[in-house]
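Structural overview
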Amino acid sequence: MSAAVEAAPGATERIKALNDQYIINTYGARKIALVRGEGTHLWGVDGREYLDLFAGIAVCNLGHCHPAVTEAIREQAGKLLHVSNLYYIEPQVELAELLAQVCFADRWFFCNSGAEANEAALKLARRYWDQKGTPKPLVVAAEQSFHGRTFGALTATGQPKYHQGFAPLLPGISHIPYNDIAALEAALTPEVGAVLLEPLQGEGGVRVPETAYWRQVRDLCDRRGVLLILNEVQTGLGRTGPLFAHQGYGITPDIMTLAKGLANGVPMGALGCTEEVASGFAPGTHASTFGGNPLSSAAALATLKALTAPGFLEHAAAMGEYFRERLRGLASRFECIVEVRGRGLMIGIEFREPVAPLIERMIAAGIICGPAGPNVLRFLPPLIVEEHEVDQGVAVLEQCLGDLEW
Ligand SMILES: *Cc1c(COP(=O)(O)O)cnc(C)c1O
């Protein structure tokens, strides 16, 4: 590894002091400041090296500073960073063409984040039915879901803890239990125009519904004339094995939202939909200043080309199998582990108690990982992770469980 960082004594403390003085305290206290990354490795400002098994919450799927993405950003930055959507944007249309070639969605809208992509989906669904002359403004979402922090996405998020203190929320969104087809059927009154679901719930604890559920959801939406919106913000871009998680379920949604891994670290979100549903938006009905700008589009285009290169996703899927197999081995020896869940390289381990102290120990031992709710430890490694790195992560986890006497 070429990329050691020279230790800067006192730098972490200096950054922490500035953070504490000037940053609004929405993230709480943290322990480390990361300043450099390469592949699956990160370096702190203090010179410490880490193995990254979290990828910036499923963002850097190609690993840090992937050469093709870095080169695309470098080239685009020297040419044109930004023009508005009042003009055609070459890398944006090339990105949309490539996206259309690799999934169901014929038409694309670009924005800057997952929450924005979900906002766009909620607006599109409403306006689609309104344009048809049969307004169906209600939306059904799932309990324990996560869709983002803007008001529409926040309302759709089925976790009361995120709603506290923000009332009144957006009217017209209700919640049903996830992975329960009878509950969905009962919720689909004639005013419901869309169902918004994650293919696997991420923030809600890495919850994986039965595969049969998805065929039932699709059939039900078809029979009732309801749009199916899949939030692939976390599950998309190879995270669960296939390029998009729904491709592994053998169904297609009407609308799909993306963000996180789309541009490997450059902020970008997207909404893809069928030709039919795209007719719900017309000029002037939705927009974004930065959405699909030359820089983020060039980064996303390079990212998507690398993700769809021959063999890339097969490697990620195989590493996912291997990682979960190793973790199940651990689970058979540790009483504290309730369950190992996930698909591909989106992995959750449910424990009998809160995982915060475990994560702190893992990071202190050089492994970056994170939570998914209070009792679930989550691994979201870059998709380029190798077997020996998985082994290293599992060995450190075993060591930390021993140290904690769990
Ligand atoms: C992260 C996430 C979001 C929110 O994305 P932001 O870019 O933070 O707005 C929405 N939905 C899912 C499933 C996510 O994982």
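Some thoughts on the sheet that holds strand β8 (residues 227-231)
On the basis of which strands lie adjacent, the open sheet formed by seven strands has the order β4-β10-β9-β8-β7-β5-β6 and mixed pairing. Two strands in the sheet have a free side with no partner beyond their single neighbour: β4 (107-111) and β6 (173-176). Geometrically, the sheet is characterised by an average inter-axis angle of 20 degrees between neighbouring strands, direction not taken into account. Strands in contact with helix α5 (residues 114-132) are β4, β5 (138-142), β6, β7 (192-197), β8, β9 (255-258) and β10 (269-273); relative to β9, the strand with the most contacts, it is inclined by about 160 degrees.

Describing the site of the ligand
Every residue near the ligand is listed here: Ser-113, Gly-114, Ala-115, Asn-118, Phe-146, His-147, Gly-148, Glu-198, Asn-231, Val-233, Gln-234 and Lys-260. Phe-146 has a polar backbone atom sitting 3.3 Å from a nitrogen atom of the ligand. Asn-231 is positioned such that a nitrogen or oxygen atom in its side chain is 2.9 Å from a nitrogen atom of the ligand. Protein contacts shield 79% of the accessible area of the ligand, which totals 380 Å² for the unbound molecule. Looking at which element gives the most residues to the shell around the ligand, the answer is α5, with three residues. Its residues assigned to classes, the shell around the ligand shows three nonpolar, seven polar and two charged.

Observations concerning the pattern of salt bridges
Overall, the coordinates contain 19 salt bridges when judged by the stated rule. The partner of Asp-219 in a salt bridge is Arg-215, and the shortest N-O contact between them spans 3.2 Å. One end of the pair, Asp-219, and the other, Arg-215, are both in helix α9 (residues 211-224), four residues apart, so they sit about a helical turn from each other. Its relative accessible area of 32% is what places Asp-219 among the partly exposed residues. For Arg-215, a relative accessible area of 41% translates into the label partly exposed. For the salt bridge of Asp-403 with Arg-361, the shortest nitrogen-to-oxygen distance reads 3.7 Å. One end of the pair, Asp-403, is in helix α14 (residues 387-403); the other, Arg-361, is in helix α13 (residues 356-364), and 42 residues separate them in sequence. In this structure Asp-403 comes out as partly exposed when scored by relative accessible area, which is 40%.

Thoughts on α13
Restricting attention to buried positions, one finds in α13 the residues Leu-358, Ile-359, Met-362 and Ile-363. Along α13, the residues classed as buried sweep out an arc of 130 degrees about the axis, all on the same side. Relative to its buried face, α13 has exposed residues pointing more than 90 degrees away, namely Ala-356 and Ala-364. Buried residues belonging to α13 abut β3 (49-52), β12 (346-351), β13 (367-368), β14 (370-371), β15 (376-379) and α14. After α13 finishes, the residue Gly-366 shows a positive phi value of roughly 95 degrees.

Digging into the packing of helix α4 (residues 90-102) against helix α11 (residues 294-307)
With their axes 8 Å apart at the nearest point, α4 and α11 run at an angle of 30 degrees to one another. Here α4 lies roughly parallel to α11, going by the angle between them. Once α4 is placed against α11, the crossing between them reads as left-handed. The segment α4 lies against α11, with Pro-91, Gln-92, Glu-94, Leu-95, Leu-98 and Leu-99 engaging Pro-294, Ser-297, Ala-298, Ala-300, Leu-301, Leu-304 and Lys-305. Tallied by class, residues from the contact of α4 with α11 come to nine nonpolar, two polar and two charged.

Describing a nonpolar patch on the surface
Residues Leu-18, Tyr-22 and Ile-23 make up a contiguous nonpolar surface patch of about 320 Å² in total accessible area. Relative to the assigned elements, Leu-18 resides in helix α1 (residues 11-22). On the basis of relative accessibility, which here comes to 38%, the residue Leu-18 falls in the partly exposed class.

Examining the sheet that holds β15
Taking strand neighbours across the sheet as the criterion, the four strands line up as β11-β12-β15-β14 in an open arrangement whose pairing is antiparallel. Of all the strands in the sheet, just β11 (337-343) and β14 have a single pairing partner and so form its edges. Pairing between β12 and β15: four bridges, direction antiparallel. Bridge pairing in β15 links Ile-347 to Phe-379.

With respect to the nonpolar core
Core analysis: the biggest nonpolar cluster contains 93 residues, and Trp-108, Leu-327, Phe-351, Leu-377, Phe-379, Leu-397 and Leu-401 have the highest contact counts within it. Each of domain 1 (11-60 + 313-404) and domain 2 (67-307) gives at least three residues to this core. Sequence-distant contacts of Leu-401, that is, excluding residues within four places in its chain, are made with Leu-330, Phe-334, Cys-336, Ile-337, Phe-351, Leu-358 and Trp-406. Residues Ala-121, Ile-229, Val-277 and Phe-281 belong to the second largest nonpolar core, which totals 24 residues.

Some points on the domain arrangement of the protein chain
According to the domain assignment, the protein chain consists of domain 1 (11-60 + 313-404) and domain 2 (67-307). Contacts between domain 1 and domain 2 engage 24 residues on the former and 25 residues on the latter. Taking both sides of the interface into account, the surface hidden between domain 1 and domain 2 amounts to around 2000 Å²; carbon and sulfur atoms contribute 58%. A per-residue breakdown of the area domain 1 buries against domain 2 is headed by Leu-313, Arg-343 and Met-346, which together make up 38% of the total. The interface formed by domain 1 and domain 2 contains one salt bridge. Between Glu-203 and Arg-378 there is a salt bridge, with the nearest N and O atoms lying 2.9 Å from each other. Linking domain 1 to domain 2 there are nine residue pairs in polar contact (both at pLDDT 80 or more). Elements supplying a minimum of two residues to the side of domain 1 that touches domain 2: α2 (55-58), α12 (312-333), β11, β12 and β15. Classifying every residue of the side of domain 1 that touches domain 2 gives 17 nonpolar, four polar and three charged.

Cut-offs and rules
- Residues numbered from 1 in each chain as written.
- Predicted model: local features only at pLDDT ≥ 70, side-chain atom pairs only at ≥ 80, totals over all residues.
- Heavy atoms only, no water.
- Pairing = 2+ DSSP bridges.
- Helix = DSSP H or I, 4+ residues; strand = E, 2+ residues; numbered from the N terminus.
- Axes fitted to C-alpha atoms, helices over the stretch in contact; angles between N-to-C directions.
- Contact = heavy atoms within 4.5 Å.
- Near = heavy atom within 4 Å.
- Polar contact = N/O pair within 3.5 Å; in protein donor to acceptor, adjacent residues only side chain to side chain.
- Areas by Shrake-Rupley, 256 points an atom, 1.4 Å probe, with all protein chains shown as cover.
- Nonpolar A, V, L, I, M, F, W, Y, C, P; charged D, E, K, R; others polar.
- Salt bridge = Lys/Arg side-chain N within 4 Å of Asp/Glu carboxyl O.
- Buried < 20%, exposed > 50% of the residue type's maximum accessible area, 1.4 Å probe, protein only.
- Arc of directions from axis to C-beta.
- Parallel < 35°, antiparallel > 145°, perpendicular 65-115°, else oblique.
- Left-handed = near helix turned anticlockwise from the far one by under 90°.
- Patch = residues over 30% accessible without salt bridge, like charges linked within 9 Å, V, L, I, M, F, W, Y side chains within 5 Å.
- Core = buried A, V, L, I, M, F, W, Y, C linked by side-chain atoms within 4.5 Å.
- Domains from an automatic or database assignment.
- Buried area = accessible area lost by both parts, 1.4 Å probe.

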